[in-house]
Structures are given as structure tokens and as C-alpha cells.
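# Fold and geometry: a report
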Amino acid sequence: MDNTEIKILLVDDDADIIEFIRYNLIKEGFQVAIASNGKEAIKKAKTFIPQLIILDVMMPEMDGIEACQSLRTMKELQNTVITFLTARNEDYSQLAGFEAGADDYIQKPIKPKILISKVKSLLRRFNNTSETIENSKNLISLNSITIDKEKYTVVFNNVQHILPKKEFELLALLASKPNKVFRREEILSAIWGDDVIVGDRTIDVHIRKIREKIDLENIKTIKGVGYKFED
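Report follows, based on the coordinates. (Residues numbered from 1 in each chain as written. Predicted model: local features only at pLDDT ≥ 70, side-chain atom pairs only at ≥ 80, totals over all residues. Heavy atoms only, no water.)

## Notes on the pattern of salt bridges
- Taken as a whole, this structure holds 15 salt bridges when the rule is applied.
- Across the pair Glu 186 and Lys 180 runs a salt bridge, and its minimum N-O distance is 3.5 Å.
- For Glu 186, a relative accessible area of 34% gives the class partly exposed.
- Residue classification places Lys 180 among the partly exposed positions, given a relative accessible area of 28%.
- The salt bridge partner of Glu 212 is Lys 209, with a shortest N-O separation of 3.8 Å. Pair noted here: Glu 212 and Lys 209 are both in helix α9 (residues 200–214), with a separation of three residues, about one helical turn.
- Among the charged side chains, a network of salt bridges with common partners joins Asp 12, Asp 56 and Lys 108. (Salt bridge = Lys/Arg side-chain N within 4 Å of Asp/Glu carboxyl O. Buried < 20%, exposed > 50% of the residue type's maximum accessible area, 1.4 Å probe, protein only. Helix = DSSP H or I, 4+ residues; strand = E, 2+ residues; numbered from the N terminus.)

Here it is as C-alpha cells:
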């Protein structure tokens with residue numbers, strides 16, 4: 001996909017940061033829309049439909065965590081990559097972000113070349129669903145659960161669930177090969193890509209959210225190794 005076809009929504013209440021990032025993204029040919037708070041971001045996202053949202057954490061009216069949670073409920077944005085833009089390095093902040101449905105973090109201040117490199121890396125996730133998931137069947141049906149990868153839906157015990165993209169892909173990956181133990185490194189590579197650095201806790205957070213939302217007991221933890229979907 002050409003850069004001129006790619007839409008990026010930039011959300012931050014700091015006008016200087018907005019202008020700096022916007023300038024560098026437009027210089028690369030991207031289409032850029034801006035918002036100064038979470039509420040405005042949600043409104044613009046509905047009509048702009050970006051492939052990538054760069055979202056500040058600390059903002060007035062509605063912060064980034066709340067905005068991300070709302071954005072992840074929008075069906076039209078189910079494939080959109082969301083990354084937080086923040087100067088905060090605390091583990092709890094990152095954990096809250098991943099729980100809200102974020103895909104990654106960009107730490108500020110950031111140099112232009114690093115910014116563009118990071119953005120391109122994030123956009124590769126939008127354009128390239130993992131080979132493991134692409135090569136498996138579009139419809140996975142196991143006992144009381146059905147996973148439709150074209151519609152991004154999960155039906156469990158006759159109840160339909162819509163999961164954020166990464167949670168859905170993780171569940172689909174595990175269910176694609178019942179009883180196979182997926183090592184953590186294998187999961188990170190398949191879902192987040194080799195060019196993205198995320199911690200082991202990222203997988204744990206996503207697994208916990210899946211279990212909470214679907215009340216699914218099939219996902220088993222193999223301590224010190226990874227996870228499997230037990231048929």
C-alpha cells in the first residue's frame with residue numbers, strides 16, 4: 001500500500017507535539033488527521049477510519065486509556081493498529097494500555113527517523129496478518145466454540161463475542177492447532193512480529209482478557225513454556 005493511501009489519526013493535547021509528528025508524517029506522504037482529546041478522537045475515527053492511531057495517554061476530558069477502550073468496540077476499526085504516545089515508562093501504565101487494547105507504545109521525546117521507522121513497523125502489522133493465521137482455515141469449529149476469521153467473530157456456547165484484533169488473533173492462533181503447545185517466542189513472532197519488541201507480560205494480559213470475556217477454560221498455561229488450546 002502506498003503511503004498516500006494510509007490514514008493516521010494523531011491524538012495529543014500538546015500542540016507542539018502534534019505539529020512535530022504531523023509534519024514528519026505528512027512529509028512521508030501519509031494522510032494525517034488530528035484530535036486534541038479522547039472524545040474528539042472517537043468522533044473523528046468514525047469518519048476518517050485510520051489504519052493507525054497514535055494516542056497520547058494523559059489528556060483532558062477523556063484520557064488515552066478510556067479512548068482506546070471505546071475505539072476497540074468499533075467494528076469498523078477492528079483491524080486498526082493503536083499505539084500509545086507517552087513519556088511514562090511505568091509498568092502499570094503499559095499494562096493498562098495493553099488491557100485497553102493497545103498494540104504498542106511510542107516513547108517521547110522521539111527523533112523523526114525513529115518515529116517514521118516505528119510507524120512503518122506498526123503499519124506492517126495492519127498490512128500483514130501473520131502467516132500462521134493466514135494459512136489456517138477461515139472457520140475454526142471446536143466443540144462449543146466457532147471462530148470466524150473473515151468476520152472476526154467468536155461464538156461460544158451460542159453467544160457471539162467481538163474481541164480486539166490482537167486478542168482475536170491470539171485465540172485463533174491457539175485454536176488453529178488444538179493441543180499443540182505454542183511457545184512464548186512463537187506466539188510473539190506470529191502475533192506481534194519479529195520486528196516489534198514486547199514483553200512476555202503482553203501475552204499474559206491478552207490471555208487473561210480472553211478468559212474474562214469468554215469464560216473459556218480451554219486455554220491452558222504451560223508454565224515456563226507457553227500456552228495451548230485444549231480440545
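## Description of the sheet that holds strand β7 (residues 145–148)
- As summarised here, the arrangement of the four strands in space is β6-β7-β8-β9, forming an open sheet in which the pairing is antiparallel. Strands at the two margins of the open sheet, each flanked by one partner only, are β6 (139–142) and β9 (159–161). Going across the sheet, the axis of each strand differs from the next one's by a mean of 15 degrees, ignoring polarity.
- Bridge count between β6 and β7: four bridges; the pairing is antiparallel. For Ser 141, the partnering residue across the bridge sits in β7 and is Thr 146.
- The sheet strands contacting helix α7 (residues 165–176) are β6, β7 and β8 (153–156), and the helix crosses β7 at an angle near 120 degrees. (Pairing = 2+ DSSP bridges. Axes fitted to C-alpha atoms, helices over the stretch in contact; angles between N-to-C directions. Contact = heavy atoms within 4.5 Å.)

## So, empty space enclosed by the protein
- Summed over all chains, the structure comprises two cavities of 30 Å³ or more.
- As a volume, the largest cavity reaches approximately 50 Å³.
- Top element by residues in the lining of the largest cavity is α7. It accounts for three residues.
- Of the volumes computed, that of the second largest cavity is approximately 40 Å³.
- If you trace the second largest cavity, you find it lined by Arg 72, Thr 73, Met 74, Lys 75, Gln 78, Ile 162, Leu 163, Pro 164 and Lys 165.
- In the lining of the second largest cavity, the residues fall into four nonpolar, two polar and three charged. (1 Å grid on protein atoms, 1.4 Å probe; cavity = no way out; pocket = protein on both sides within 12 Å on 5 of 7 lines; lining within 4 Å. Points joined across faces, edges and corners; volume = space filled by probe spheres on them. Nonpolar A, V, L, I, M, F, W, Y, C, P; charged D, E, K, R; others polar.)

## A short note on the packing of aromatic side chains
- Following the criterion strictly, the structure yields two aromatic pairs and no others.
- Taking 5.6 Å as the distance between ring centres and 40 degrees as the angle between the ring planes, the aromatic pair formed by Phe 84 and Tyr 105 counts as tilted. Remark: Tyr 105 occurs in strand β5 (residues 104–107) and Phe 84 occurs in strand β4 (residues 81–86); sequence separation between them is 21 residues. Just as Phe 84 is buried, Tyr 105 falls in that class too.
- The cationic tip of Lys 7 hangs over the ring face of Phe 48; the distance from NZ or CZ to the ring centre is 5.4 Å.
- Taking NZ or CZ as reference, Lys 180 lies 4.9 Å from the ring centre of Phe 182, over its face. (Phe/Tyr/Trp six-rings, centres within 6.5 Å; stacked < 30°, edge-to-face > 60°. Lys NZ or Arg CZ within 6 Å of the ring centre and 35° of its normal.)

## Side note on the sheet that holds β4
- A sheet is described by the order of its strands in space; here five strands give the open sequence β2-β1-β3-β4-β5, paired in parallel fashion. One side of each edge strand has no neighbouring strand; the edge strands of this open sheet are β2 (31–35) and β5. Looking at each pair of strands side by side, their axes are set apart by 20 degrees on average, direction ignored.
- Pairing between β4 and β5: four bridges, direction parallel. Looking at β5, one finds that Leu 85 is bridged to Ile 106.
- Strands in contact with helix α2 (residues 38–48) are β1 (7–11) and β2; relative to β2, the strand with the most contacts, it is inclined by about 150 degrees.
- Its contacts with the sheet place helix α3 (residues 64–71) against β3 (52–56) and β4, and it is angled at close to 155 degrees to β3.

## Focus on a negative patch on the surface
- On the surface, Asp 13, Asp 14, Asp 16 and Glu 19 cluster together into a negatively charged patch.
- Note that Asp 16 resides in helix α1 (residues 15–27).
- Under the relative-accessibility criterion, Asp 16 is labelled exposed at 64%. (Patch = residues over 30% accessible without salt bridge, like charges linked within 9 Å, V, L, I, M, F, W, Y side chains within 5 Å. Areas by Shrake-Rupley, 256 points an atom, 1.4 Å probe, with all protein chains shown as cover. Lys, Arg positive; Asp, Glu negative; His and termini not counted. Charge placed at Lys NZ, Arg CZ, Asp CG, Glu CD.)

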